[in-house]
Amino acid sequence: MQFLIGLMSGTSLDGVDGVLVQNLSPSLLKTPSLKVLQHVFMPFDADFRAELLSLNTPGNNELHRAALAGNRLARSYAQVVHALLKASGMQANDIQAVGAHGQTVRHRPLEFDADPATGQPAVGYTLQLNNPALLAELTGIDVVAEFRTRDLAAGGQGAPLVPAFHAEIFGNPSHTVAVVNIGGISNISIMRNASNEKAEIIGFDCGPGNALMDHWVHLHQGKDYDTNGEWAAQGQVIDALLQSLLTEAFLHLAPPKSTGRDLFNPAWLQQHLRTDYQAVDVQATLCEFTAIAIAQDLKRHAPEAKQLWVCGGGALNAQLMSRLQAHAPGVQVASTEAHGLPPLQVEAAAFAWLAAKAMKRETGSLESVTGARGARVLGAIYPR
Ligand SMILES: Nc1ncnc2c1ncn2[C@@H]1O[C@H](COP(=O)(O)OP(=O)(O)OP(=O)(O)O)[C@@H](O)[C@H]1O
Ligand SMILES: [Mg+2]
């Protein structure tokens, strides 16, 4: 029996989702190869969330602050690991490895270090704050971290990394299935002929998820997020604003592509705003924009899909789910909860699964998703 822990703290900056999973691989046909035994969510304190947000943009003494934030994150991760062990009655020795994503503060896959003189392929960069050595020290468990850098080194986007896992859990051999994860940013996975040799899996970032809606509701109501989309539901979509947001070039790029707060941030939103807009109507428009960006990608890249599973915190936003359904007529739009994996557990489980791959030196990335020169073993291992 193999047990693993996955830790995810994504671009929403809401906190840490941790899961303790049982790996049942090699997978039996039609049986998910992984079962979540425990889930713990630990929200970040407001001051830590503000510091992480601030570290997303260039600032004073940022190397020092980033190092301290990495330490603080590792301590939060360790607390989540201990809570998971306690809840399951397990010991550190029972766990094969912890997969710890880290906190993305820069994602620049196209920020090339191009130096034509070297003749070497150019690489971009991605930066996840963390202190995996400290996490190994505090937990006594092997830690796998830094999942994205190897894919970038191989010429890929380094993101998304979850489509292979989505395919394993949600894929269907007889029809096309799509999964969208709506975190701070949203990413879609499209699986055709899953679990056979003709399997075709693609995936890419669609655009904003909750990040802009969270920013707007925080600015105007001081809340971390618009619970169930209730505020957005009270507003009227501003068509001029919606059309302006939809002109964003990223939305029209062909995959492979990935993005982050580097693009979809308050400054980006500000360029599209007019002073006479009502705040509530802007929220309604951001919700509509997020839904349309996802639905457009589904229509473009998987017109035959009849099923869209939704995970990430966005699956809990009833207004967003209803707008997504409205823009994807004929498609069954449902939370992954209905498939047996609650929406806030999916990405954390994916990093437990990727950690298991790393421990076995198996590849975790898909070149059809990230555009890398080939699949690679992802992650750096920090032994217990
Ligand atoms: N009840 C709810 N109603 C509306 N929105 C919610 C609700 N619960 C969570 N959310 C949204 O989900 C977000 C958290 O989602 P999640 O943890 O999946 O994102 P993330 O941390 O960015 O993850 P990732 O980067 O892996 O996708 C919150 O910031 C909030 O916007
Ligand atoms: Mg989160």
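Starting afresh in each chain, residues are numbered from 1 along the sequence in its written order. Written order decides the labels, with chains lettered from A and ligands numbered from 1. Owing to the predicted nature of the model, reporting of local features is limited to residues with pLDDT of at least 70; listing and counting of side-chain atom pairs is limited to 80 or more, with chain, interface and lining totals taken over all residues. Think of the side-chain values as coming from all heavy atoms in the structure, minus any hydrogens and water.

The relative placement of two packed helices is expressed as an angle between their axes plus a distance between the axes. Interhelical geometry of helix α6 (residues 211-221) versus helix α11 (residues 279-301) gives an angle of 170° and a closest axis separation of 9 Å. When the interaxial angle is binned, α6 and α11 end up roughly antiparallel. Of α11, the residues touching α6 (which contributes L212, M213, W216, V217 and H220) are A279, V282, Q283, L286, C287 and T290. When the residues that make up the contact of α6 with α11 are grouped by side-chain class, the tally is eight nonpolar, three polar and no charged. Helix axes are fitted only over the stretch in contact, all axes being lines through C-alpha atoms; the angle between N-to-C directions runs from 0 to 180 degrees. Note on conventions: DSSP H or I runs of at least 4 residues are helices, E runs of at least 2 residues are strands, and numbering of each starts at the N terminus. Any angle that is under 35 degrees is reported as roughly parallel, and any over 145 degrees as roughly antiparallel; angles of 65 to 115 degrees are reported as roughly perpendicular and all others as oblique. Contact criterion: two residues are considered in contact whenever any of their non-hydrogen atoms come within 4.5 Å of each other. Each residue is assigned to one class: nonpolar for Ala, Val, Leu, Ile, Met, Phe, Trp, Tyr, Cys and Pro, charged for Asp, Glu, Lys and Arg, and polar for all the others, Gly among them.

Turning our eyes to something else, we now look at empty space enclosed by the protein. Lining residues are defined by having an atom within 4 Å of a point belonging to a cavity or pocket. Those points lie on a 1 Å grid over the protein atoms alone, cavities being sets where a 1.4 Å probe fits but cannot get out and pockets being open sets with protein on both sides within 12 Å along at least five of seven lines. Grid points are joined across faces, edges and corners, and a volume is the space filled by probe spheres set on the points. Taken as a whole, this structure holds two cavities of 30 Å³ or more when the rule is applied. What the largest cavity holds in volume is close to 40 Å³. In terms of lining, the largest cavity is formed by P160, L161, P163, A164, G364, S365, L366 and V369. Partitioning the lining of the largest cavity into residue classes produces six nonpolar, two polar and no charged. Here the second largest cavity is characterised by a volume of approximately 30 Å³.

For this analysis, a ring pair means two rings from Phe, Tyr or Trp (six-membered ring only for Trp) whose centres lie within 6.5 Å, classed as stacked if their planes differ by under 30 degrees, edge-to-face if by over 60, and tilted for the remaining angles. Per the stated rule, a full pass over the model turns up seven aromatic pairs. When the centroid spacing of 5.1 Å and the interplanar angle of 85° are considered together, the rings of F44 and F48 count as edge-to-face. Pair check on accessibility: F44 and F48 agree, each one buried. Measuring from ring centre to ring centre gives 6.4 Å for F170 and W309, while their planes differ by 35°; the resulting arrangement is tilted. Of this pair, F170 sits in helix α5 (residues 163-170) while W309 is found in strand β11 (residues 307-311), placing the two residues 139 residues apart along the sequence. For the residue pair F170 and W309, the accessibility class agrees, reading buried in each case. In this scheme, a residue with accessible area under 20% of its type's maximum is buried, one over 50% is exposed, and one in between is partly exposed, where area comes from a 1.4 Å probe on protein chains only.

With that settled, the discussion passes to the site of ligand 1. For each residue, the test is whether any non-hydrogen atom lies within 4 Å of the molecule or strand; if one does, the residue is near. The environment of ligand 1 is made up of 22 residues, and the closest members are S12, G184, D214, N228 and G313. Between N or O atoms, a polar contact is any pair within 3.5 Å; within protein, one atom must be a potential hydrogen donor and the other a potential acceptor, and residues adjacent in sequence are included only when both atoms are from side chains. The backbone of L316 places a nitrogen or oxygen atom 3.5 Å from a nitrogen atom of ligand 1. Taking 650 Å² as the accessible area of ligand 1 by itself, protein coverage stands at 90%. Among the residues making up the shell around ligand 1, the classes are represented as four nonpolar, 13 polar and five charged. Both domains that meet at the shell around ligand 1, namely domain 1 (2-158 + 345-382) and domain 2 (163-339), each give it at least three residues. Residue burial considers only the protein chains on display, and all accessible areas are found by Shrake-Rupley using a 1.4 Å probe. The split into domains, and so the bounds of each, comes from an automatic or database assignment of domains.

Strands pair, by our definition, only if DSSP identifies at least two bridges between them. Strand order in the open sheet formed by five strands is β10-β9-β8-β11-β12, and the pairing between neighbours is mixed. Whereas interior strands pair on both sides, the edge strands pair on one side only; in this sheet they are β10 (200-208) and β12 (332-335). Averaged over neighbouring strand pairs, the angle between their axes works out to 20° when direction is ignored. Across six bridges, the pairing between strand β8 (residues 177-182) and strand β9 (residues 185-192) is antiparallel. Within β9, the position partnered with A178 by the bridge is I190. Running over the sheet, α5 touches β8, β9, β10 and β11 and is turned about 55° from β9. Sheet strands touched by α11: β8, β9, β10 and β11. Its angle to β10, the strand with the most contacts, is close to 155°.

A word on the pattern of salt bridges. Throughout this description, the term salt bridge denotes a Lys or Arg side-chain nitrogen within 4 Å of a carboxyl oxygen of Asp or Glu. Considering all chains together, one arrives at 13 salt bridges under this definition. Residues D224 and R49 are paired through a salt bridge, measuring 3.6 Å at the closest nitrogen-oxygen approach. Separated by 175 residues along the polypeptide, D224 in the loop between α6 and α7 (230-234) and R49 in helix α1 (residues 46-54) bring together distant segments of the chain. Residue classification places D224 among the partly exposed residues on the basis of a relative accessible area of 37%. Accessibility expressed as a relative area gives 17% for R49, which makes it buried. The closest approach of N and O atoms between R300 and D297, which form a salt bridge, is 3.3 Å.

For the chain, the assigned domains read domain 1 (2-158 + 345-382) and domain 2 (163-339). Domain 1 and domain 2 are separated by 22 Å when their C-alpha centres are compared. With 26 residues of domain 1 at the interface, the matching set in domain 2 holds 25 residues. Summed over both partners, the accessible surface that disappears when two parts come together, traced with a 1.4 Å probe, is what is meant by buried area. Carbon and sulfur atoms make up 57% of the surface buried where domain 1 meets domain 2, a total of about 2200 Å² over both sides. It is T11, V346 and V369 in domain 1 that bury the most area against domain 2; as a group they hold 25% of the surface buried on that side. Remark: the boundary between domain 1 and domain 2 carries two salt bridges. There are eleven residue pairs in polar contact (both at pLDDT 80 or more) connecting domain 1 and domain 2. Elements with a contribution of two residues or more to the side of domain 1 that touches domain 2: α1, β5 (103-108), α13 (346-359) and α14 (367-370). Looking at the side of domain 1 that touches domain 2, the element that brings in the most residues is α13, giving five residues. Here the side of domain 1 that touches domain 2 is built from residues that sort into eleven nonpolar, eleven polar and four charged.

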